[in-house]
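# Commentary on secondary and tertiary structure
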Amino acid sequence: MPSSRISTALASFALMLACACGTAAPAEPTESADESEAERTSPTIEPLPSDLDHRAITYLEQYGRHWPAFRFHGAVLVARGDQIAIDRAFGQADLVSGVSNETTTQFRIGTLSAQLTAVTALRLAEAGVLDLQDPVAKHLPGWPGGDQITLEHLLTHRSGIPSFTDSDAFERWKNAPHSLAEILDQFRTLPLEFEPGTDTAPSNSNPVLLGAVLEAATGKPYPQVVAEQVLQPVGMEHTRYVASEEQQAIGMSYNDDELLDVVHRVHPSAFGPAGGWLSTTGDLLRLYRALAGESLLSRRSVAQMQDGGPQGGLGYGWAPTELAGQAAVSWPGLIDGFNSAAFYVPADDTTIIVLSNTEVVPSGQLGEDIAALIYQDELPRREEAVEAPIPFEEQLPAVGRYVPTRGTEDALAAADADSALIGEVYVLPNRKPSGDELIFMVPDYGTKIMHPEGKGRFFFKDRAQTRAEVIVRADQSALLVLESGDGELRFVRVPSEDPAKPTSASARAGDRRRTG
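Quick caveat, the model's predicted, so the values are computed rather than measured.

What counts, and where the lines are drawn
- In this convention, every chain numbers its residues from 1, walking through the sequence in written order.
- At least 70 in pLDDT is required for a residue's local features to be given in this predicted model, at least 80 for side-chain atom pairs to be given and counted, and no such filter applies to totals for whole chains, interfaces and linings, which use all residues.
- The basis for every side-chain value is the complete set of heavy atoms in the structure, and neither hydrogens nor water enter the calculation.
- Secondary structure elements are defined from DSSP: runs of H or I of at least 4 residues count as helices, runs of E of at least 2 residues count as strands, and each element is numbered from the N terminus.
- Only protein chains enter the accessibility calculation, which uses a 1.4 Å probe. A residue is then buried if its area is under 20% of the maximum for its type, exposed if over 50%, and partly exposed in between.
- Only heavy atoms enter the contact rule, under which two residues are in contact if any of them lie within 4.5 Å.
- For the area figures, the Shrake-Rupley method with a 1.4 Å probe applies, and any residue is considered shielded solely by the protein chains shown.
- Think of a nonpolar core as a cluster: buried Ala, Val, Leu, Ile, Met, Phe, Trp, Tyr and Cys residues, connected wherever their side-chain atoms sit within 4.5 Å.
- Think of each axis as a best-fit line through the C-alpha atoms, taken over the contacting stretch in the case of a helix, with angles from 0 to 180 degrees between the N-to-C directions.
- Handedness of a crossing is defined here by the sense of rotation of the near helix relative to the far one, left-handed for an anticlockwise turn of less than a right angle and right-handed for a clockwise turn.
- Expected span of a helix, by definition, is 1.5 Å for each gap between consecutive residues, and there is one gap fewer than residues.
- The angle separating two fitted axes, one through the seven residues that finish at a residue and one through the seven that start at it, defines the bend at that residue.
- Aromatic rings from Phe, Tyr and Trp, with only the six-membered ring used for Trp, were paired whenever their centres fell within 6.5 Å, and each pair was classed as stacked if the ring planes differed by under 30 degrees, edge-to-face if by over 60, and tilted otherwise.
- Strand pairing is defined by DSSP finding a minimum of two bridges between the two strands.
- Along the chain, pLDDT gives the predictor's confidence residue by residue, from 0 to 100.

If you tally the helices and strands in the protein chain, you get 16 helices and 19 strands. Across the 516 residues in the protein chain, those meeting the buried criterion constitute 52%. Within the protein chain, counting contacts between residues at least 6 apart in sequence, those at least 24 apart form 66% of the total. Here the protein chain displays about 22,600 Å² of accessible surface, and carbon together with sulfur accounts for 49% of that area.

This is the structure:
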């Protein structure tokens, strides 16, 4: 079981807290779209700090000091207008051959691909080839629910179509090449999660269906439409669909032994317009500069991309957010073995792009921390805990089967449907020739090594830097507390059972002591 899945389970409460914080609305244009260039005025914008490059390198070097797998592998570009302050590559493009990343290395940009699809749709809308209020059925007759789902619903993730990448079957299906038509068949008959236009839920099915609409509207293959409408006008010469003969990074995942594994089997064509593109930091900057300069789209269309709309939510390939106190837009780039992020601050025309060929170091967090260097003049600190020499026998009192308290059960249920199914966890001894250790196991999710930090205290080597404390009471009952950021999960120890045979949901409910 991939370690990333249990990491998601452990960090679900942190994600829940983050989602509850809300986001800032993007800055709205102060003049109408039809004002002349002469009538527009721009405030004086200060250049980026001259020492930003040095401070960013100092910050990034904090990753992997004690946890080697957490070294950053990727590329970073930061610019204000046409001033490029950081253009750096780090780590390895290929873990096996040892080839280093370069600033021209191509990375799989995953869900950032949705931006290329969105810009293409807006270009065709401005040319009168399609209208964003068109129902899907106008271009794809017979599509289920196509009379109610508009192209704008697809762009803003308000269609209600489930994400085809969420199914268990997709985990196997993605290992082979697939056509756009085959991807469409993966979600064609799935029931909608909500009535179109009534809610917002990110779904990889939306850009795929929009890609099919682009093909139908133009009579050309999807990659060709994007190339003609976006890549060629902008000069994105190092951006390719699915495959490339240029130097590209090889993706890496994090396994249960806390090592990096090369991701071999996943075929990017299985993601289609939702994640099939490769690009470079330089090419993405060219795209964002063209959008800012209105050479690719009108001012009104660019505002539509960045604005979540009157009902809030997501823009077209951008999401309104707050970045180090600034109103900004951002979007993640996620796909197996890679994680990326792009940020743009309209007020001062600042762009931050982070592309990475591992799933370990969160590019979104790196982008936010680099923004803190720019706007708050702070050097973010990253602490990587070091094991304490605690004898294994003194760690054994933590062993046992635990179930969530009432408060933790409610928090998991609020986080996501998968986390709501976590009914029990285990702390188990793992004896092996290289050294005995405790492991934390979530049935059906996987395991994590528990590194001793003090008596009854442990840490996990994960993105969230999760810490665990086991409090053994006088009556030998025990409380397991998982902490990450400002949140925590609590579990109480109950009579042990075979972890290979987890109890049923009804039996687990009878075990729970509602103490927290």
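Of all hydrophobic cores here, the largest spans 72 residues; its most connected members are Val136, Phe187, Leu209, Tyr288, Leu291 and Met305. Apart from the residues within four sequence positions on either side, Tyr288 is in contact with Leu112, Gln115, Trp318, Ala342, Thr351 and Ile353. If you look at the next biggest cluster of nonpolar residues, it comprises 36 residues, including Leu52, Phe70, Ala85 and Met252.

The phi dihedral of Glu258 is positive, around 65 degrees, even though this residue is not glycine. You can see Glu258 is positioned in the loop between strand E5 (252-254) and strand E6 (260-262). When its relative accessible area of 13% is taken as the criterion, Glu258 is described as buried. In the Ramachandran plot, Ala324 falls in the positive-phi region, its phi being about 50 degrees despite a non-glycine side chain. As for its position among the elements, Ala324 is in the loop between strand E8 (319-323) and strand E9 (326-335).

The next subject is the environment of Leu373. Looking at the secondary structure, you find Leu373 in helix H12 (residues 363-375). The buried category is assigned to Leu373, whose relative accessible area is 0%. Along the sequence, Leu373 and Ala56 sit 317 residues apart, while their C-alpha atoms lie 7.6 Å from each other.

Turning our attention to the packing of helix H3 (residues 113-126) against helix H8 (residues 205-218). Running from N to C, H3 and H8 point in directions that differ by 35 degrees, and their axes come no closer than 10 Å. In this structure, H3 crosses over H8, and the sense of that crossing is left-handed. The residues of H8 that touch H3, namely those facing Ala114, Thr117, Thr120, Ala121 and Leu124, are Pro207, Leu210, Gly211, Leu214 and Thr218.

Note that an α-helix has 3.6 residues per turn; residues three or four places apart therefore point the same way. If you check helix H9 (residues 222-234), its first and last C-alpha atoms are 18 Å apart, about what 13 residues at 1.5 Å a residue would give, namely 18 Å. A bend of about 40 degrees at Glu228 is the largest found in H9. Those residues of H9 that fall on the buried side of the exposure criterion are Tyr222, Val225, Val226, Ala227, Gln229, Val230, Leu231 and Val234. Buried positions along H9 lie against H3, H8, strand E4 (240-241), strand E7 (277-279) and helix H10 (281-292). Two residues or fewer past H9, Gly235 is found with a positive phi of approximately 85 degrees.

The next thing to look at is the packing of aromatic side chains. This structure, assessed with the given rule, holds 15 aromatic pairs. Measuring from ring centre to ring centre gives 5.5 Å for Tyr222 and Tyr241, while their planes differ by 70 degrees; the resulting arrangement is edge-to-face. One end of the pair, Tyr222, is in helix H9; the other, Tyr241, is in strand E4, and 19 residues separate them in sequence. The class of Tyr222 is buried, set by a relative accessible area of 1%. Cluster of aromatic residues (ring-pair linked, three or more members): Trp143, Phe164, Phe170, Trp173, Phe187 and Phe271.

Taken in spatial order, the six strands of this open sheet run E2-E1-E11-E10-E9-E8, and their pairing is antiparallel. Looking at which strands have only one partner, the edges of the open sheet turn out to be strand E2 (83-90) and E8. Averaged over neighbouring strand pairs, the angle between their axes works out to 20 degrees when direction is ignored. Pairing between strand E10 (residues 338-345) and strand E11 (residues 350-356): seven bridges, direction antiparallel. By the bridge assignment, Ala341 is partnered in E11 with Val354. Most of the contacts of H12 go to E11, to which it runs at about 145 degrees, and overall it touches strand E1 (74-80), E8, E9, E10 and E11.

Attention shifts here to the confidence of the model for the protein chain. Residues shown with low pLDDT carry predicted positions that ought not to be read at fine detail. Here the protein chain shows a mean pLDDT of 86. Residues at 70 or above account for 85%. For the stretch residues 1-40, pLDDT sits under 50, and the model shows 69 contacts to residues farther than four places along the chain or on other chains. Note on residues 500-516: pLDDT is under 50 here. Beyond four places in sequence and across chains, it has 29 contacts.

The next point concerns H8. For H8, built from 14 residues, the straight-helix expectation of 20 Å at 1.5 Å per residue is met to within 8% by its first-to-last C-alpha distance of 20 Å. Across the 14 residues that make up H8, a large majority, ten, are buried. Burial in H8 covers these residues: Ser205, Asn206, Pro207, Val208, Leu209, Leu210, Gly211, Ala212, Val213 and Leu214. Lining the buried residues of H8 we find H3, helix H4 (136-139), helix H5 (151-155), helix H7 (180-187) and H9.

The next thing to look at is the side chain of His153. When you line up the elements, His153 lands in helix H5. The buried category is assigned to His153, whose relative accessible area is 15%. When near neighbours in sequence (up to four residues on either side) are disregarded, His153 contacts Gln148, Arg158, Ser159, Pro196 and Gly197.

With that settled, the discussion passes to the sheet that holds strand E19 (residues 487-494). As summarised here, the arrangement of the eight strands in space is E12-E13-E14-E15-E16-E17-E18-E19, forming a closed barrel in which the pairing is antiparallel. Strand-to-strand twist in this sheet, taken as the mean axis angle between neighbours without regard to direction, amounts to 30 degrees. Pairing geometry for strand E18 (residues 478-484) and E19, over six bridges, is antiparallel. Directly across from Leu480, in E19, lies its bridge partner Phe491. Where helix H14 (residues 406-415) meets the sheet, it contacts strand E12 (400-404) and E19, and its direction lies at approximately 125 degrees from that of E19.

Let's shift gears to the side chain of Asp53. For Asp53, the position within the fold is in helix H2 (residues 52-60). Apart from residues no more than four positions distant in its own chain, Asp53 is found in contact with Ala85, Ile86 and Arg88.

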